[in-house]
Structure formats: structure tokens, C-alpha cells
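# Close look at the chain arrangement
These are the residues of each chain, in order.
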Amino acid sequence: MKPNTNYQKIPANYLFSTINQKVEQYKTQHPNSDLISLGIGDVTQPIVPAVIDALHKAVDEQASSETFQGYGPEGGYDFLRQSVAQHDFQDRGLAIDASEIFISDGAKSDIANLQELFEVNNKIAIGDPVYPDYIDSNVLAGRLGDWDEQIGQWSDLTYLSSNEANQFIPELPKQVVDVIYLCYPNNPTGMTLSKPELQTWVDYALENNSLILFDAAYEAYIQEPNIPHSIYECEGATKCAIEVRSFSKKAGFTGLRLGYTVVPQELSFQGQCLNKLWSRRQSTKFNGAPYIIQRAGWACYQEPGNTQINEHIAYYMENARIIRAGLEAVGATVFGGINAPYIWLKTPNHLTSWEFFDALLEATQVVGTPGSGFGPSGEGYFRLTAFNSRERTIQAVERIQRFFTQA
Ligand SMILES: *Cc1c(COP(=O)(O)O)cnc(C)c1O
């Protein structure tokens, strides 16, 4: 047997393990320190009561032969596909139906698996900085060439840079690309695109026969009225885009595991209908998300589940507001945090992301995430998350404020 050598190309994900090492080392040296983490991208609030009730009920159904559920449909139960299509799309005036919704065990698997639909020689463009899985899954498939240590980039990847200079609106690629990964609201920057800005990408894809993979994992956090919740709000997007969503950040399902992918019937390339290909892929390699979890997902769209979930989101977004306002008050340059639970902080005094991480940990015992871990355009930035308690968030902000006023 000859192992897949692409696994050797991929650097082990050093980001969070390096953070953990540094934090552990700090704790060993300062055993009485009171650390606050605004670092991890995981929710902290428990699952809402209405969803817990649905889970209990679904568990009980498994105990009786009348209601027991064995293998379900690979693409998800109709009750959930219908709910998703109606509440997330049709109620917003978007013509997406249940046959275009594929329920899964989360956005990460879908995002990583979708690249099986296109050939190895496609040209890829990926937003930068971004959630690392888009790149890693393409590297494992042998699609991005070699890692160039000197410039810190993959040789066959087009980086769509987002930074302060372009106001976090990436430029269209100069050379035609076949597949474009976009994530809005963005992890890690917390920034969004307006509908006309997103339409520019849809128009580009239609013109160049490109496919857009749109990750909308943070859709539920959008607060401002003019921000698109779905790429299908753009004209022609059902002919060029796949959208991925997750219950993880929206409803605290990071441990339960549930997500979905929208593959419109109209989406076809060289006569191949991607909806059929994805259906084939999922039924070959996936046996469906658990019935119990799909019932929990369904309860998110019903009352009182929907209202309870919105209260959790409002809680996190108030944390985000507190972080943003607190940092702005001491003259820090911050982005995001308005339509997403992430605040993207420009490091002071031209510190690198890791220099700032170390300095902040040492001076304040607050842990965040170095922006450079999300791609080359993340250097010089730092991600703070709203996923902590109100009390700890306020304490962390006060400490960071002291850091800035003393710096
Ligand atoms: C957290 C996250 C995911 C993963 O979601 P799961 O459904 O938990 O797999 C996907 N995309 C982005 C941008 C994320 O931040």
C-alpha cells in the first residue's frame, strides 16, 4: 500500500495546540492566575429548554416498536428538510425546496466533502483569512500544490485577501478560477458583505462558469437589515452556488452535530446536475444524521424553541457589543462584532499576532486567537469571541482596556 502523501503536506493544525501549550505553560508558572478565554470558537450556553424537550421525546420514541426509527433517509427526514426550506428560505422569499436541502452531521463535514464533486485540476480561490478547513480539505485532495514556507502560501491557491485596506471586501481574482469559497458573516473577521457586494461574486461566477461554496454558519447572528442571510438572495445564485449552514453556532449544537447543505436543482456544470451528484455522494458515504438530533433541529424552528434560541444569540451579541465598544473607547482599531460573534482587533504598535497574544496573556491573563492562524491576511490581527458569560466578558474587556491605556 502507498499512503496518501498529501497528508504529509498539511501542517498539523498548530494554531489551537500552540495556544493550549502556551496557556498550560503560563498556568504552570502562575498557578494562581485567573485566565479568561475569549479564544475558542465554541458556544458556552446550554441547549434551550424546548430543544431539550424534543430530544427527550425523540429518545422515548426509540423505546417503543410503534415509534422506533432505524436507518433514515440519507438526505434527512422530510419533517426537517421541509422546515428548513420553509423557514430559512421560502419565508424570506427564496425559492428553495426540500429536495434541495441535504441534512448532515455539520457544516465541517459538508465543506470538506463538497470538493469531491470537482476534479483535482480545478483552480481554487479562498477568502483570506478564513476557517482553515476549506484549504486543508483541498490540500488532502492534492489540489493546492505545495506549501511555500517563505511566503506562507500554497502554490496553486488564489488568496482572496480581506484586510483594513480593502475594507474587508476581497477583490475578484485576476485569473479565472473554477471554485470560490466564501464565508459570510466571516470567521474570523466577523465582517459581512452587502447584497450588491455579494452579487458581484455571483455575477463573476455566472460569467466564468465558476462554482461558489458559500459558508453561512453565522447567518443567525446577522442583526443589520441590509445584510444577505443567504447567497440565494442574489440574482442567478441558484445557477452557481452551494450554501452550507450549521446548527452549531446558531443553536449550540456543536456537541449534538447537525447542519445542512443546499444544492439547487438548477445547478449544473457540463451537463452534470450537482444535486444528483451530491445525493449520490451522500448516499454512498453517509447514512444520515441521527433521528434524535434531527428532531432537535426541527424544534429550533418551532415555538418556543425559536424564541429561546434568539435570546441566546442576543446574549452573545450583547457580549460582542461590549467588547467592541470597550476596545473602541480606548482607541483600539476593531472590526466585526456587529453581525457576528467575532471581533477582529488590529494589534497595537505593529505587533505580530503572536507577539500580541503573548503580551496580552502576560499582562492581562486574557486568551484570544492570533489572526495569522487563519491565513496570511490575518497577520497583525487578533480574534476575540463573544462566547463567554457576561461577567467574564466584562472582566476581560476591563483588563484589555488597561493593557491599551498603559501600552
Ligand atoms: C464552526 C464553523 C463551522 C463548523 O460547523 P459544524 O456544523 O459544527 O461542523 C463551519 N464553518 C465555519 C465558518 C465555522 O466557524
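Given the structure is predicted, the values throughout are model-derived calculations rather than measurements.

## Points about the site of the ligand
Surrounding the ligand, one finds 13 residues, the nearest of these being Asp215, Tyr218, Ser246, Ser248 and Lys249. A distance of 2.8 Å separates an oxygen atom of the ligand from a polar atom in the backbone of alanine 107. Protein chains bury 94% of the 390 Å² of accessible surface belonging to the ligand in isolation. Taking a 2 Å distance to the grid points as the criterion, the majority of the atoms of the ligand fall inside the second largest pocket. Contributing elements (two or more residues each) for the shell around the ligand: helix H5 (107-113) and helix H8 (248-251). A class-by-class count of the residues in the shell around the ligand yields 5 nonpolar, 4 polar and 4 charged.

## Side note on the pattern of salt bridges
Going through the model one piece at a time under the given rule, you end up with 16 salt bridges. In this structure, aspartate 34 and arginine 392 form a salt bridge, with 2.7 Å as the shortest nitrogen-oxygen distance. A residue pair is termed long-range when its members are at least 10 positions apart, and aspartate 34 in the loop between helix H2 (14-29) and strand S1 (36-37) and arginine 392 in helix H13 (residues 390-406) qualify at 358 residues. For arginine 324, the salt bridge goes to glutamate 328, with nearest N and O atoms at 3.2 Å. One end of the pair, arginine 324, and the other, glutamate 328, are both in helix H11 (residues 305-329), 4 residues apart, so they sit about a helical turn from each other. Arginine 324 sits in the buried class, given a relative accessible area of 18%. Residue glutamate 328 is classed as partly exposed on the basis of its relative accessible area, which comes to 40%. In the salt-bridge network here, residues are joined through shared partners; they are Asp88, Glu219, Glu243 and Arg245.

## Quick look at the side chain of threonine 364
Residue placement: threonine 364 occurs in helix H12 (residues 353-364). Within polar-contact distance, the side chain of threonine 364 engages the backbone oxygen of leucine 360 at 2.6 Å. Non-local contacts of threonine 364, meaning those with residues more than four positions away in its chain, are made with Arg399 and Phe403.

## A short note on the packing of helix H4 (residues 78-89) against helix H10 (residues 291-299)
Contact pair H4 / H10: the axes reach a minimum separation of 9 Å and the direction vectors enclose 30°. When the axis of H4 is compared with that of H10, the two are roughly parallel. In this structure, the crossing between H4 and H10 has a hand that is left-handed. Here Phe79, Leu80 and Ser83 of H4 lie close against H10, whose contacting residues are Tyr291, Gln294, Arg295, Gly297 and Trp298.

## Points about the packing of H2 against H12
In contact at an axis separation of 11 Å, H2 and H12 are set at 30° when each is read in the N-to-C sense. Viewed along their axes, H2 and H12 adopt a mutual orientation that is roughly parallel. Crossing of H2 against H12: the hand is right-handed. Together, Leu15, Thr18, Ile19, Lys22, Val23 and Tyr26 of H2 and Trp354, Phe357, Asp358, Leu361 and Glu362 of H12 make up the contact between the two elements. For the contact of H2 with H12, the class distribution of residues is 7 nonpolar, 1 polar and 3 charged.

## Notes on the layout of surface pockets
If a probe the size of a water molecule is rolled over the atoms, the empty space left behind becomes visible. Roughly 640 Å³ of volume is contained in the largest pocket. Lining of the largest pocket is provided by 22 residues; of these, Pro11, Trp147, Ser372, Gly373 and Gly375 occupy positions nearest its centre. Breaking the lining of the largest pocket down by element, the ones donating at least two residues are H2 and helix H6 (133-140). At 3 residues, H2 tops the list of elements feeding residues into the lining of the largest pocket.

## Digging into the packing of aromatic side chains
Applying the stated criterion to the full structure yields 29 aromatic pairs. Ring geometry for phenylalanine 247 and phenylalanine 253: centres 5.6 Å apart, planes at 35°, overall tilted. Per residue, the accessibility class of phenylalanine 247 equals that of phenylalanine 253, and both read buried. Ring pairing ties together the aromatic residues Phe89, Tyr232, Phe247, Phe253, Tyr260 and Tyr301, which thus form one cluster. The ring of phenylalanine 79 has arginine 295 lying over it, and the distance from NZ or CZ to the ring centre is 3.7 Å. Sitting over the face of the ring of tyrosine 315, arginine 390 holds its NZ or CZ atom 4.4 Å from the ring centroid.

## Here's the deal with the sheet that holds strand S17 (residues 381-385)
Taken in spatial order, the 4 strands make up an open sheet running S13-S14-S17-S16, and their pairing is antiparallel. Each edge of the open sheet is held by one strand with a lone partner, namely strand S13 (334-336) and strand S16 (369-370). In this sheet, strand S14 (residues 342-346) lies alongside S13 in antiparallel orientation, the contact comprising 3 bridges. Considered in S14, the bridge of valine 334 is made with leucine 345.

## Thoughts on the sheet that holds strand S6 (residues 157-161)
Within the open sheet, the 7 strands sit side by side as S2-S10-S9-S8-S7-S3-S6. Their pairing is mixed. A strand with exactly one partner marks an edge of an open sheet, and here the two such strands are strand S2 (101-104) and S6. In this sheet, neighbouring strand axes are inclined to one another by 20° on average, regardless of whether the strands run parallel or antiparallel. Bridge count between S2 and strand S10 (residues 259-262): 4 bridges; the pairing is antiparallel. Within the sheet, the bridge partner assigned to serine 104 lies in S10 and is glycine 259. The strands that H4 touches are S2, strand S9 (241-246) and S10; relative to S2, the one it contacts most, it runs at about 115°. The sheet contacts of helix H9 (residues 274-285) involve S2, strand S8 (211-215), S9 and S10, and relative to S2 the element is tilted by about 25°.

Cut-off values and rules
Residues numbered from 1 in each chain as written. Predicted model: local features only at pLDDT ≥ 70, side-chain atom pairs only at ≥ 80, totals over all residues. Heavy atoms only, no water. Near = heavy atom within 4 Å. Polar contact = N/O pair within 3.5 Å; in protein donor to acceptor, adjacent residues only side chain to side chain. Areas by Shrake-Rupley, 256 points an atom, 1.4 Å probe, with all protein chains shown as cover. 1 Å grid on protein atoms, 1.4 Å probe; cavity = no way out; pocket = protein on both sides within 12 Å on 5 of 7 lines; lining within 4 Å. Sits in = over half its atoms within 2 Å of the grid points. Helix = DSSP H or I, 4+ residues; strand = E, 2+ residues; numbered from the N terminus. Nonpolar A, V, L, I, M, F, W, Y, C, P; charged D, E, K, R; others polar. Salt bridge = Lys/Arg side-chain N within 4 Å of Asp/Glu carboxyl O. Buried < 20%, exposed > 50% of the residue type's maximum accessible area, 1.4 Å probe, protein only. Contact = heavy atoms within 4.5 Å. Axes fitted to C-alpha atoms, helices over the stretch in contact; angles between N-to-C directions. Parallel < 35°, antiparallel > 145°, perpendicular 65-115°, else oblique. Left-handed = near helix turned anticlockwise from the far one by under 90°. Points joined across faces, edges and corners; volume = space filled by probe spheres on them. Phe/Tyr/Trp six-rings, centres within 6.5 Å; stacked < 30°, edge-to-face > 60°. Lys NZ or Arg CZ within 6 Å of the ring centre and 35° of its normal. Pairing = 2+ DSSP bridges.

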